Amino acid sequence: MTPEVPAELLGGHLHALRLAARSGRLPDRAALDANRAAGARAAELGVPLPALVDAALAAADGLPGVLPALRRAIAALLAGYEQAQLDALRGASAERRQFVDDLLLGRAERLAERAEHFGLRLAESYVVAAARGLADPSDAAQPERIERDLIARFGSHNILLAVRDGLLVCVAPATLPAAVGEFTHHVRARFPAGWRVGVGRPQRGPGGIVASYREAAGALDLADRLGLKHDVVRAADLLVFPVLLRDRSAMEDLVTSVLSPLLEARGGHAPLLETLEAVFAAQGNQTAAARRLGLSARAVTYRLQRIRRLTGFSPDDPTQRFTLETAVLGARLLDWPWE
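Described in the following lines is the structure provided in the data block. Everything quoted here is computed from the prediction, not taken from an experiment.

**Some details on the overall build of the protein**
Okay, step 1: Tallying secondary structure elements over the protein gives 14 helices and 6 strands in all.
Okay, step 2: The globule rule puts the C-alpha radius of gyration for 339 residues at 20 Å, and the 32 Å found for the protein is more than 25% above it.
Okay, step 3: Along the first, second and third principal axes, the C-alpha atoms of the protein reach 105 × 40 × 35 Å.
Okay, step 4: Partitioning the contacts of the protein with sequence separation of at least 6, the portion at a separation of at least 24 is 68%.
Okay, step 5: Across the protein, the 41 positively charged side chains and the 39 negatively charged ones have centroids separated by 5 Å.

Following this line, the structure appears as structure tokens:
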């Protein structure tokens, strides 16, 4: 045996080959199981695979008629070696996923120590992106493929991926903005239609990662409630909405006071509310709003006149426009009208 391969590691292999040379019989199940165990042990000891195979071949020197037995014996060694490597990788992946889960939940137990194991520096700022739209959140294949691709580009010390609450969550350093873009690229390529990515703000430390994750998930929720069409929504662009919702009773009062008259409109409130949303999205450009709605500009003008008559608020007046737009946003956020 070479110094890289302990002599006792292949003792059973040498015995089986000598038996095959005397009797002509192939190794039995017990001998092959022993070789698989030896292969697994070699992987655990860090024996290089070429050195293991070379030692297994060298054991056959001078033994006549053992080629078929040698083939089976080496196949068993390789199977054991490969399985041990796969088990080690799975164990590392499971440990990594558990660490990310604890990190996102804010479980502080040994986080810094465990982070060092993965090459992370928790004192730095991180950004969390969360993707919704996995075809099957319980299927680990897609997340694992995305994780492998991201790690191949950015390194395992820069990327953490986990499935949490039905979301595929990516944690990356704030100094590596390309990572979020690359994550979105893989989501776009692998998720079915209807996917969306929420991005939290850069935050420092373990608590910052939790906060960024909550912002990313919250951005997805707000985008749904507001009916936004964007595939990628950033918490930094939606900061006004949590402020609006902080005093729910005041927001409910505003929505009721401003928009309740629309409930009396012939044809219902929905077309008028939709028109206001289109006008606000088009920065007050009624022609662009008409295109967005598939209507004529005259139809949009007529609807705005009806809104002004019913509510007393005009989107053409800067002060009234702000009140009206805030009420419309509040209506979407609070799922108005209420029963």
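**A look at unusual backbone geometry**
Okay, step 1: Note the cis peptide between Trp336 and Pro337, where omega equals 0°.
Okay, step 2: Of note, Pro337 is situated in the segment after helix 14 (318-333).
Okay, step 3: Although it is not a glycine, Asp165 sits at a positive phi angle of roughly 55°.
Okay, step 4: With respect to the helices and strands, the residue Asp165 is situated in the loop between strand 2 (160-164) and strand 3 (167-173).

**A few points about the environment of Ala21**
Okay, step 1: For Ala21, the position within the fold is in helix 1 (residues 11-23).
Okay, step 2: With a relative accessible area of 27%, Ala21 lands in the partly exposed category.
Okay, step 3: Measuring from C-alpha to C-alpha, the distance between Ala21 and Leu254 comes to 93 Å, with 233 residues separating the pair along the chain.
Okay, step 4: Other than its neighbours up to four places away in sequence, Ala21 contacts Leu63, Pro64 and Val66.

**Observations concerning the pattern of salt bridges**
Okay, step 1: For the structure on display, the rule yields 12 salt bridges.
Okay, step 2: Between Arg196 and Asp224 there is a salt bridge; the shortest N-O distance is 2.9 Å. Linking Arg196 in strand 4 (residues 196-199) with Asp224 in helix 8 (residues 205-226), this pair joins segments that are 28 residues apart in sequence.
Okay, step 3: On the basis of relative accessibility, which here comes to 9%, the residue Arg196 falls in the buried class.

**Details of the nonpolar core**
Okay, step 1: Judged by nonpolar contacts, the single largest core of 50 residues is most densely connected at Ile209 and Leu259.
Okay, step 2: Per-element accounting of this core gives the leading share, 8 residues, to helix 8.

**Here's the deal with the pairing of strand 3**
The side chains of a regular strand alternate, first on one face of the sheet and then on the other.
Okay, step 1: Most of strand 3 sits out of view: 7 of its 7 residues are buried.
Okay, step 2: Residues Leu167, Val169, Val171 and Pro173 point to one face of strand 3 and Leu168, Cys170 and Ala172 to the other, with burial holding for every one of them.
Okay, step 3: Where strand 1 (residues 125-132) meets strand 3, 6 bridges bridge the pair, whose relative direction is antiparallel. Bridge pairing links Val127 to Ala172 in strand 3.
Okay, step 4: Pairing of strand 2 with strand 3 involves 5 bridges; the strand directions are antiparallel.

**A look at the packing of helix 6 (residues 141-154) against helix 7 (residues 178-190)**
Okay, step 1: At a closest axis distance of 10 Å, the pairing of helix 6 and helix 7 adopts a crossing angle of 145°. Between helix 6 and helix 7 the crossing geometry is right-handed. For the pair formed by helix 6 and helix 7, the contact residues are Gln142, Arg145, Ile146, Asp149, Leu150, Arg153 and Phe154 on the first element and Ala178, Ala179, Glu182, Phe183, His186 and Arg190 on the second.
Okay, step 2: A class-by-class count of the residues in the contact of helix 6 with helix 7 yields 6 nonpolar, 2 polar and 5 charged.

**With respect to helix 8**
Okay, step 1: The first and last C-alpha atoms of helix 8 sit 31 Å apart over 22 residues, in line with the 32 Å expected at 1.5 Å per residue.
Okay, step 2: Of the residues trailing helix 8, Gly227 is marked for its positive phi of about 70°.

**A few points about the packing of helix 11 (residues 270-281) against helix 13 (residues 297-311)**
Okay, step 1: It is the contact of helix 11 with helix 13, at a shortest axis distance of 10 Å, that shows an interaxial angle of 110°. If you check the angle between helix 11 and helix 13, you find them roughly perpendicular. Two packed elements cross with a definite hand, and for helix 11 against helix 13 that hand is left-handed. For the pair helix 11 and helix 13, contact is made by Pro271, Leu272, Thr275, Leu276 and Val279 and by Val300, Arg303, Leu304, Arg306, Ile307 and Leu310, respectively.
Okay, step 2: Across the contact of helix 11 with helix 13, the residue classes tally to 8 nonpolar, 1 polar and 2 charged.

**As for helix 12 (residues 286-293)**
Okay, step 1: For helix 12, the capping residue at the N-terminal end is Asn285, with a side-chain oxygen 3.0 Å from the backbone nitrogen of Thr287.
Okay, step 2: Immediately beyond the C-terminal end of helix 12, within one or two residues, lies Gly294, with a positive phi of roughly 75°.

What counts, and at which threshold
Residues numbered from 1 in each chain as written. Predicted model: local features only at pLDDT ≥ 70, side-chain atom pairs only at ≥ 80, totals over all residues. Heavy atoms only, no water. Helix = DSSP H or I, 4+ residues; strand = E, 2+ residues; numbered from the N terminus. Rg over C-alpha atoms; globule rule 2.2 N^0.38 Å. Contact = heavy atoms within 4.5 Å. Lys, Arg positive; Asp, Glu negative; His and termini not counted. Charge placed at Lys NZ, Arg CZ, Asp CG, Glu CD. Buried < 20%, exposed > 50% of the residue type's maximum accessible area, 1.4 Å probe, protein only. Salt bridge = Lys/Arg side-chain N within 4 Å of Asp/Glu carboxyl O. Core = buried A, V, L, I, M, F, W, Y, C linked by side-chain atoms within 4.5 Å. Pairing = 2+ DSSP bridges. Axes fitted to C-alpha atoms, helices over the stretch in contact; angles between N-to-C directions. Left-handed = near helix turned anticlockwise from the far one by under 90°. Nonpolar A, V, L, I, M, F, W, Y, C, P; charged D, E, K, R; others polar. Expected span 1.5 Å × (residues − 1). Parallel < 35°, antiparallel > 145°, perpendicular 65-115°, else oblique. Polar contact = N/O pair within 3.5 Å; in protein donor to acceptor, adjacent residues only side chain to side chain.

All we've got here are geometric facts, nothing functional implied.
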